[in-house]
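# Chains, contacts and geometry: an overview
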Amino acid sequence: MFEEKQIQPLHFNLRHISQQSQRITHKHTPHTHTHDTMGGPLKSKTLCSCVPFGPKQEVSLEGVILSNSQFECKIYTFGAHVASWRSLSDLEVFKTKPEFLFLSQKAILDGTKPIRGGIPICFPQFGKLGACTNQHGFARNSTWEFVGSEVDEEKLLAKATFTTSSTESTMKEFPYKFKLNYTVSIEKEFLNTKLEVINEDEKAFEFTTALHTYFGAKSITDIAVKGLNGVRYTDSLEDGKKCVEGEEEIRFDKEVDRIYRRNVALVDKERLEIIDRVWEDKGVLSQHTRGVAMTTKNLNDAVVWNPWIDKAKSMGDFGDEEYKEMVCVEAAAIDEPVKVKPGASWIGEQTLEAVINLAHFSV
Ligand code: BG6
């Protein structure tokens, strides 16, 4: 029997920083910044910042870096793609893996292909469920405009908003005028991504969507997804066979590709947990877990995906062994396509909370 001696959630650390922070709120437009990595005016004066960066030799994409002194988040304007969300804490468990999201070593970062990892936005269709030629639609292939940011020192908040609209090219695949706004914010240990879809057409339209988050794992065999027990799903690997989840913890030892239809009445209250167990044995036995708790609004479905060995090998922008380091849990609206009337809008969002438990046990 192990006796648990200590559990120290990350929140303690953050509260300490929060007390030190100053009461300053900034709002600005991106146009006041020079495109210089990590060097903007807000960065040098404050704890929270939103700093645009420009193309570099090895990565020809531009974007912004949000920071709130505890966490940092990198977003490319190509796809309004969150590519990194990492802790800046020096907690021992973070030293090995401060990053919460997975980004493939082979991700193409030149705007010719959607980025493999981070949080791609699937719109106006999930997978092949629509008329778009590209799987998961065109939003993740489009260059979005960075329209503004906000930082609030007291809340440890940094936020950036991006936008994109229908073009002649998108009208060929999705024949409606629309506008998308996407807001990414980090507040303390939370990452919130919010997609607004505005119908600017004279006709109503329907779409499916997903915030296709790739979570980083120390080892896929130690990762567990919780919160879907008893939930109906279709198995995309078995021609959409209908099943019901029977496990408290979903574990991975083969390819998994499922669309869970969560209970609409409960989905806003329940959270999904993606737990990465980091075992250590240094004299005492320890079980450190690095987890993310996900809550969603208006995104009632959850896709769980790991490509495993053969599919990993078939993807040119994914390392053969990288299936061991990731799992996708995607907040989605698939089962019931979203309908938006002319002039109306819809908002779907997910909030991820970083949860660290450092637990030491004595025998
Ligand atoms: C998941 C799908 O959402 O995305 C999988 O359920 C798919 O079937 C995966 O393979 C990756 O898609 P893509 O287009 O980024 O290779």
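Below is a summary of the structure that appears in this document. Just so it is clear, the model here is predicted, and its values are computed rather than measured. (Residues numbered from 1 in each chain as written. Predicted model: local features only at pLDDT ≥ 70, side-chain atom pairs only at ≥ 80, totals over all residues. Heavy atoms only, no water.)

## Here we look at the sheet that holds strand β5 (residues 71-76)
What counts is decided by this rule: In short, DSSP must find at least two bridges between two strands for them to pair. Secondary structure elements follow DSSP: runs of H or I no shorter than four residues count as helices, runs of E no shorter than two count as strands, and numbering proceeds from the N terminus. Axis definition: a line fitted to C-alpha atoms, limited for helices to the stretch in contact. Angles are taken between N-to-C directions and run from 0 to 180 degrees.
Taken in spatial order, the four strands make up an open sheet running β3-β4-β5-β6, and their pairing is antiparallel. The sheet is open, and its two borders are formed by β3 (49-53) and β6 (81-87), each paired with just one other strand. For this sheet the average axis-to-axis angle between neighbouring strands, irrespective of direction, equals 15 degrees. Two elements, β3 and strand β4 (residues 63-67), share five bridges in a ladder whose sense is antiparallel. In the sheet register, Ser 49 faces β4, and the bridge partner there is Ser 67.

## Some thoughts on the site of the ligand
We apply this condition: Each residue is tested against the molecule or strand, and it is near if at least one of its non-hydrogen atoms lies within 4 Å. Any pair of N or O atoms that falls within 3.5 Å is considered a polar contact. Within protein, one atom must be able to donate a hydrogen and the other to accept it, and sequence-neighbouring residues count only if both atoms are side-chain atoms. Here, Shrake-Rupley sampling with a 1.4 Å probe gives the accessible areas, and only protein chains in the shown set may cover a residue. In this count, Pro and Cys sit with the nonpolar residues alongside Ala, Val, Leu, Ile, Met, Phe, Trp and Tyr, while Asp, Glu, Lys and Arg are called charged and the others, Gly among them, polar.
All residues adjacent to the ligand are Arg 116, Phe 126, Gln 135, His 136, Arg 140, His 212, Asp 257, Val 303, Trp 305, Lys 311 and Glu 330. At 2.9 Å, a side-chain N or O of Arg 140 approaches an oxygen atom of the ligand. Here an oxygen atom of the ligand sits 2.7 Å away from a polar atom, N or O, in the side chain of Lys 311. When the ligand sits alone it has 390 Å² of accessible area, and the protein chains cover 86% of it. The residue inventory of the shell around the ligand, partitioned by class, reads three nonpolar, three polar and five charged.

## With respect to the side chain of Thr 170
The line we're drawing: Contacts were defined at the residue level, with two residues in contact if any of their heavy atoms lie within 4.5 Å.
Examined against the element boundaries, Thr 170 turns out to sit in helix α4 (residues 168-173). Apart from residues no more than four positions distant in its own chain, Thr 170 is found in contact with Phe 138 and Phe 178.

## Section: unusual backbone geometry
Keep this limit in mind: Each residue gets one of three labels from its accessible area relative to the maximum for its type: buried under 20%, exposed over 50%, partly exposed in between, using a 1.4 Å probe on protein chains only.
Between Phe 123 and Pro 124 the backbone carries a cis peptide bond, its omega angle lying at 0 degrees. Note on placement: Pro 124 falls in the loop between β7 (121-122) and β8 (145-152). Here the phi dihedral of Ser 69 falls at roughly 80 degrees; this positive angle occurs in a residue that is not glycine. One can find Ser 69 in the loop between β4 and β5. Positive phi, close to 55 degrees, is recorded for Leu 156, a residue that is not glycine. Among the secondary structure elements, Leu 156 is positioned in the loop between β8 and β9 (157-165). On the basis of relative accessible area, Leu 156 is assigned to the buried category, the value being 0%.

## A closer look at the pairing of β6
The two faces of a sheet get side chains in turn, since along a regular strand they alternate between them. With respect to burial, β6 is a largely interior element, six of its seven residues being buried. Note that β5 and β6 share six bridges and pair antiparallel. Bridge pairing in β6 places Phe 71 opposite Ser 87. Between β5 and β6, which pair antiparallel in sequence order, lie four residues; one of them, Gly 79, sits at a positive phi of approximately 80 degrees.

## Re the pattern of salt bridges
How we decide: Salt bridges are counted wherever a side-chain nitrogen of Lys or Arg sits within 4 Å of a carboxyl oxygen of Asp or Glu.
With the rule as written, the count across this model stands at eleven salt bridges. Close ionic contact of Arg 116 with Asp 317 constitutes a salt bridge, the shortest N to O distance being 3.1 Å. Of this pair, Arg 116 sits in the loop between α3 (92-96) and β7 while Asp 317 sits in the loop between α5 (308-314) and β22 (326-340); the two residues are 201 residues apart in sequence, bridging distant segments of the chain. Each member of the pair Arg 116 and Asp 317 is classed as buried. Across the pair Arg 261 and Asp 335 runs a salt bridge whose closest N-O atoms are separated by 3.4 Å. With a gap of 74 residues between them, Arg 261 in strand β18 (residues 256-261) and Asp 335 in strand β22 connect regions that are remote in the sequence. Taking relative accessible area as the criterion, Asp 335 reaches 41% and is therefore assigned partly exposed.

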